[in-house]
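Remarks on the overall topology
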Amino acid sequence: EGTALYLDGELTAVCSDGDALRAYFTSRLEPYEVPDDPNVSVGFNKQVTLEDGLYFKDSLQDYADVEKELSGVKQAQKVYTVKTGDTLWDIAHKNDLTFRELCALNTNFKGAPLTENSNIQEGDQLIVTKQEALLEVRITKVETREEEIPFGTETTQSNEYTKGTTKTLQEGQNGLRRVTMQNVYDTNGVLLEQTILSTETIREPVNKKVVVGTKKVTKYGAAAYIGGSGQFIW
C-alpha cells in the first residue's frame, strides 16, 4: 500500500506514508491561510492529487525522500522574446539575472556570443534560466481599488478669436472607477498574475473643452475688425 503523488496530472512519486505526505502539504499552506477572510485562498503553483492504492514495492519511496524532492529546486530553461524598447540590461533584470549571467546563457546568439555590443531587435529570442522550486505556494486575493479615469479634450474652432489663440472654456476633471481584481502572489508578496473581475464607474470624467481661433490677421498685424462699417482716413 502506498500513496501516489501527481503534480498537474503527472506521476511524481509514490510514498510509503500517505498520512505524513498529507501533513506535509497542510504544513506548507497553513502559515499563509486566513480562515476569516473569504477573499484569500491558498494553494500551490501546480495541481496536487494524492491517490491511495497498491503499487509495486520497487516504486515506493520513503516519506523523507519525497519531502526532499518536493522541497528542492530545478533548473528550468525559458526563452524570452525581445520587445520594442528592451535593452539587454532590462531583460536580465526582468528575469532575475545579472548581465554577465545573461551573456553566459546565450553563447550562440545569431551565431556569436552575446555581448554588450550585440544588436537585439523586436522578436529576437534569448535564453533565460533560473532555479525554480518543484512546488511553490501561491496566495490568491480578491482585491478592490479605486483609480482615476483620465478626461479627454474636445477642441473646436471659432472665428471669434485670432488664429493661434487657444482658450479653455471648461477645465477637465478625471473620473473615478472601482476595480475588483484577482491577484496571485508568491510567498514573498510578489505579484505573479492579475485578472480583472469587474469595474464600476463611480464618477464620469468631464472633458476639457478648448476653442482654437481661426480669425486671420491683416498684413499690418492687426486683427480684422468685426461688426464695424467705418473706414480709416490717412
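Since the model is a prediction, treat every value here as computed from it, not as a measurement.

**Digging into the overall build of the protein**
In terms of regular secondary structure, the protein is built from four helices and 13 strands. Its C-alpha atoms give the protein a radius of gyration of 32 Å, more than 25% over the compact-globule value 17 Å for 234 residues. Considered along the principal axes of its C-alpha atoms, the protein spans approximately 120 × 55 × 25 Å. Within the protein, the proportion of its 234 residues that are buried is 25%. Expressed as a percentage of contacts within the protein between residues at least 6 apart in sequence, the contacts between residues at least 24 apart total 74%. Of the roughly 16,400 Å² that the protein leaves accessible, carbon and sulfur atoms contribute 47%.

**Brief notes about unusual backbone geometry**
Glycine aside, negative phi is the norm for most residues, and most peptide bonds take the trans geometry. The backbone phi angle of Asp8 is positive, close to 55 degrees, even though this residue is not glycine. With respect to the helices and strands, Asp8 occurs in the loop between β1 (2–7) and β2 (10–15). Among the residues examined, Asp8 registers a relative accessible area of 49% and is labelled partly exposed. A positive phi angle, near 55 degrees, is found at Asp96, a position not held by glycine.

**With respect to helix α1 (residues 18–29)**
Over its 12 residues, α1 extends 17 Å from the first C-alpha to the last, a length consistent with the 16 Å expected when each residue adds 1.5 Å. Looking at α1, one finds that the buried residues are Gly18, Ala20, Leu21, Tyr24, Phe25 and Leu29. Elements that come into contact with the buried residues of α1 comprise β1, β2, β3 (40–44), β4 (48–53), α2 (63–71) and β8 (137–149). For α1, the N-terminal capping position is held by Asp17, with its side-chain oxygen 3.4 Å away from the main-chain nitrogen of Asp19.

**A short note on the sheet that holds β3**
Reading across the sheet, the four strands line up as β3-β8-β11-β12 and stay open at both edges, with antiparallel pairing between neighbours. The open sheet has two free edges, formed respectively by β3 and β12 (191–203), since each of these has just one partner strand. Averaged over all neighbouring strand pairs, the angle between strand axes comes to 25 degrees, with direction disregarded. Here strand β11 (residues 175–185) pairs with β12 via 10 bridges, running antiparallel. Residue pairing across strands places Thr180 opposite Ser198, the latter belonging to β12. Along the sheet, α1 makes contact with β3 and β8, crossing β3 at roughly 135 degrees.

**Some details on the sheet that holds strand β5 (residues 60–61)**
Strand order in the open sheet made by the four strands is β4-β1-β2-β5, with mixed pairing throughout. For this open sheet the edge positions go to β4 and β5, each flanked by a neighbour on one side alone. Pairing between β1 and β2: five bridges, direction antiparallel. By the bridge assignment, Leu7 is partnered in β2 with Glu10. Strands in contact with α1 are β1, β2 and β4; relative to β4, the strand with the most contacts, it is inclined by about 165 degrees.

**A word on the side chain of Arg138**
With respect to the helices and strands, Arg138 occurs in strand β8. Overall, Arg138 belongs to the buried group, its relative accessible area being 17%. At a separation of 2.6 Å, a polar atom in the side chain of Arg138 contacts the side chain of Glu136. Those residues in contact with Arg138, other than ones at most four positions away along the chain, are Ser41, Val42, Gly43, Phe44, Asn45, Val184, Tyr185, Asp186 and Leu192.

**Structural notes on the environment of Glu69**
Mapped onto the fold, Glu69 is located in helix α2. Considered as a pair, Glu69 and Val14 are 55 residues apart in the sequence and their alpha carbons are 12 Å apart. Excluding residues that lie within four positions of it along the chain, Glu69 makes contacts with Thr12, Ala13, Gln61 and Leu134.

**Side note on the side chain of Thr3**
Its place among the elements puts Thr3 in strand β1. Looking at Thr3, its side chain comes within polar contact range of the side chain of Asp52, at 2.6 Å. The contacts of Thr3, once residues within four sequence positions are left out, are Ala13, Val14, Cys15, Gly18, Arg22, Leu50, Glu51, Asp52 and Tyr55.

The rules behind these values
- Residues numbered from 1 in each chain as written.
- Predicted model: local features only at pLDDT ≥ 70, side-chain atom pairs only at ≥ 80, totals over all residues.
- Heavy atoms only, no water.
- Helix = DSSP H or I, 4+ residues; strand = E, 2+ residues; numbered from the N terminus.
- Rg over C-alpha atoms; globule rule 2.2 N^0.38 Å.
- Buried < 20%, exposed > 50% of the residue type's maximum accessible area, 1.4 Å probe, protein only.
- Contact = heavy atoms within 4.5 Å.
- Areas by Shrake-Rupley, 256 points an atom, 1.4 Å probe, with all protein chains shown as cover.
- Expected span 1.5 Å × (residues − 1).
- Polar contact = N/O pair within 3.5 Å; in protein donor to acceptor, adjacent residues only side chain to side chain.
- Pairing = 2+ DSSP bridges.
- Axes fitted to C-alpha atoms, helices over the stretch in contact; angles between N-to-C directions.

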